[in-house]
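Structural overview for review
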Amino acid sequence: MLLSEERAALAEAGRRLAARGLVIGTSGNLSARAGDLVAVTPTGGVIGELTAGQMTVISLADGSVVDGDLAPTSEVPMHLAIYRATGAAAIAHTHATTSTAIGLIADEIPLVHYTMLGLGGAVRVAEYACYGTEQLAEHVVKALEFKQAALLRNHGSIAVGSSLAKAVDNLELCEWAAQTYHQALLASAVTGRPPRELTQSEQEEVIMAALSSGYGTTKKIQADDGDGNGGDGGDTAGDSDAPADGSRQ
Ligand SMILES: [Zn+2]
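Residues numbered from 1 in each chain as written. Predicted model: local features only at pLDDT ≥ 70, side-chain atom pairs only at ≥ 80, totals over all residues.

Re the packing of helix H3 (residues 97–105) against helix H5 (residues 164–191)
Relative orientation and spacing of two packed helices are given, respectively, by the angle between their axes and the distance between those axes. Packing of H3 against H5 brings their axes to within 8 Å, and their N-to-C directions diverge by 55°. As judged from the angle between their axes, H3 and H5 are oblique. The way H3 lies across H5 gives a crossing that is left-handed. Where H3 approaches H5, its residues Thr98, Ser99, Ala101 and Ile102 are matched on the opposing element by Cys174, Glu175, Ala178, Gln179, Tyr181 and His182. Of the residues in the contact of H3 with H5, the class split is five nonpolar, four polar and one charged. (Axes fitted to C-alpha atoms, helices over the stretch in contact; angles between N-to-C directions. Helix = DSSP H or I, 4+ residues; strand = E, 2+ residues; numbered from the N terminus. Parallel < 35°, antiparallel > 145°, perpendicular 65-115°, else oblique. Left-handed = near helix turned anticlockwise from the far one by under 90°. Contact = placed C-beta atoms within 7 Å. Nonpolar A, V, L, I, M, F, W, Y, C, P; charged D, E, K, R; others polar.)

Dropping the structure here:
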């Protein structure tokens, strides 16, 4: 079976997204690239129940089916356009509720939390076009420029990554950011106070801190260095379960 590892990873990612409530039934599609080939979910499949053997392998060059029994996702044009335009190794797309909702009423999720730096900062909304079209593919590629995630107007969200697990991480972070922003908008309607965004210098400070501390990775507590606090690594380890980070992109 061609791309057996990638196909198994697609099945695993589908189960994970379904368990987190980010994908309902047959909505959404996933893909993973390996050289000139792309493993994709089939059209009409229930994402959370697909097996590796039900995935389809297509050619990156023209989208033709190279291996598999089922017709590939209707969003092949979007997946191929993203691979051609970026260095992404994998793509995850679903109709996650809050991401879809924010795409109806805003042009972006502003940079309201430092972990969004892992997505490239504010998340843009791609202009609407019918699913499965080259026009939608074009809008999404534009919205993803220098970003790891984007919202699709009247449709859903999408994320890319250096692996399928990372693309799913990014999609989950995007949905979490959408939920947080949504809550802030509701509170804002009551208080009249707009959600605060991070300033440029605050963003730079976070990036420098993440680079120097290895943010998002677990680390052993260092041996007592004489000042009684057990070293300087312990205060950042608690952030290791954050939804994503900016240091591993
Ligand atoms: Zn869709």
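The rest of the description comes next.
Comments concerning the sheet that holds strand E9 (residues 156–161)
Taking strand neighbours across the sheet as the criterion, the nine strands line up as E4-E3-E2-E1-E5-E9-E8-E7-E6 in an open arrangement whose pairing is mixed. Sheet topology places strand E4 (65–67) and strand E6 (108–109) at the edges, where each strand pairs with a single neighbour. When strand E1 (residues 29–34) meets strand E5 (residues 90–94), the two strands line up antiparallel, connected through four bridges. Each residue of the ladder has a partner; that of Asn29, found in E5, is His93. Across the sheet, helix H4 (residues 134–143) lies against strand E7 (123–126), strand E8 (149–152) and E9, angled at about 165° from E7, the strand it touches most. (Pairing = 2+ DSSP bridges.)

Thoughts on H4
An α-helical turn contains 3.6 residues, so a residue and the one three or four places further along point in the same direction. Turning to H4, its buried residues number three or more, namely Leu136, Ala137, His139, Val140 and Ala143. In an axial view of H4, the angular spread of the buried residues amounts to 165°, which keeps them on one side of the axis. Each element contacted by the buried residues of H4 is listed here: helix H2 (76–85), E7, E8 and E9. (Buried ≥ 20, exposed ≤ 12 C-beta atoms within 10 Å, placed from the backbone. Arc of directions from axis to C-beta.)

Focus: H5
The end-to-end C-alpha separation of H5 is 40 Å, in line with the 40 Å expected for 28 residues at 1.5 Å each. Of the residues trailing H5, Gly192 is marked for its positive phi of about 75°. (Expected span 1.5 Å × (residues − 1).)

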